[in-house]
Amino acid sequence: MTDYNDQHYQEIMQRIRGLRLIDDVFMTVCFDGNIEGAQLLLSIILDRDDLTVTEVKAQKIMKNLKGRDVWLDILATDKEGALYNVEVQRADAGADRKRARYHSSMLDSNMLAQGESWQGIRESYVIFITENDVLGLNKPIYHIERHIVEGDYLPFNDGEHIIYVNGAMKGSDTALAKLMSDFFCTEAKDMNYAALSEKVRYFKESEKGVERMFDSLEDLRNQAILEANTQTALKMIAGGKLSLEDIASYSGLPLDKVKELAEAKTA
C-alpha cells in the first residue's frame, strides 16, 4: 500500500511535476505507442503533410554483436517503411555528431535482411532534439545530408538523413517554435498541441498515469543503483584483495552476479 506521506514518495511526485518532454524518461513514456503524437512531431520537424506513422516504440534496443548496442528513445515507422529515430538530449555531449552517425548506421544494419538487395534499405532519419544550440550556428533546425563534392554539391540521395532541432529557439510563432515550447512545458494547460498535452496531462494528473510514471522513475532509480554497485564490484575484483563473498557483501550485489562479473573479467 502506498504511503502518500512517505518522503521518498513525495520526492518522486515532486520530480514528476517538474518533468518535461525534453527529459528523456518522460518523453519516452509519453510517445510510446503514441502514433498521433509521433506523426505531429515528425510532420512539423520535416515540414511534411503527407506523413503517415504506422508504429511507434520507445526505448527500442538495437543489438550489435560486434560492438556497442544502442537504446533508441523513440523509433517510429511510416507507411513506406522509413525509420525515424528521435532522441532528446539536455546535455550537449549526448548529441555528439559521431553518435548521430552511429545511430544512423545501426538503423541501416537492422533494416536489411540477409540476402535482400541493397534496395531494401529504406529512408532513415536520426533526429536529435537538443536543449541547447549544440551546432552553434543560431539556427532553429539543421539538416545534415551527403553531397557529391565534385558535382557542384549535388545531393547524393542515399536516403540517410540526420537532423538537429535547436530547442533553445522557441520564442517565435512558427509551428516548430511552438513544438519546442511544448517540449519545455511542465503543465499540460500551457501547451500548444493537444496530441502532446493530452499525454502530458494523463501521466501527470490521472491516477493510472501517475502510477505508471512513478514506476518508470523507480525503475530508472533502481537501474542507476545497480550500475553503481556493479562498477563498485568491478573495481574490487580488479583490486584482487577481497574474496567474492566480501565483494558481494560490500557492493550489495548477489554472489552469483559477482561470480559472473569475475568470470567475465578473466575470460
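These numbers were taken from a predicted model, which means no experiment stands behind them.

**Brief notes about the pattern of salt bridges**
Consideration 1: One pass over the full model with this rule turns up 14 salt bridges.
Consideration 2: Here Glu87 ties to Arg99 by a salt bridge, and the two come within 3.4 Å at their closest N and O atoms. Here Arg99 lies in helix α4 (residues 97–109) and Glu87 lies in strand β3 (residues 83–89), a separation of 12 residues in the sequence.
Consideration 3: We classify Glu87 as buried; its relative accessible area is 0%.
Consideration 4: One connected set of salt bridges, linked through shared partners, spans Arg20, Asp23, Arg90 and Glu131.

**As for the side chain of Thr77**
Consideration 1: By the element assignment, Thr77 lies in strand β2 (residues 70–78).
Consideration 2: Once residues lying within four places of it in the same chain are set aside, the contact partners of Thr77 are Thr52, Val53, Thr54, Glu55, Ala82 and Leu83.

**A closer look at the nonpolar core**
Consideration 1: The biggest cluster of nonpolar side chains holds 53 residues, and the ones touching the most others in it are Phe31, Ile45, Ile129, Leu179 and Phe183.
Consideration 2: If you tally residues by element for this core, the top one is helix α3 (residues 35–46), at 7 residues.
Consideration 3: Residues within four places of Ile45 in sequence aside, it is in contact with Ile127, Ile129, Ile141, His143, Ile163, Val165, Leu176 and Leu179.
Consideration 4: Counting residues in hydrophobic clusters, the runner-up holds 16 residues, among them Leu75, Leu83, Leu107 and Ile162.

Procedures and definitions
- Residues numbered from 1 in each chain as written.
- Predicted model: local features only at pLDDT ≥ 70, side-chain atom pairs only at ≥ 80, totals over all residues.
- Heavy atoms only, no water.
- Salt bridge = Lys/Arg side-chain N within 4 Å of Asp/Glu carboxyl O.
- Helix = DSSP H or I, 4+ residues; strand = E, 2+ residues; numbered from the N terminus.
- Buried < 20%, exposed > 50% of the residue type's maximum accessible area, 1.4 Å probe, protein only.
- Contact = heavy atoms within 4.5 Å.
- Core = buried A, V, L, I, M, F, W, Y, C linked by side-chain atoms within 4.5 Å.

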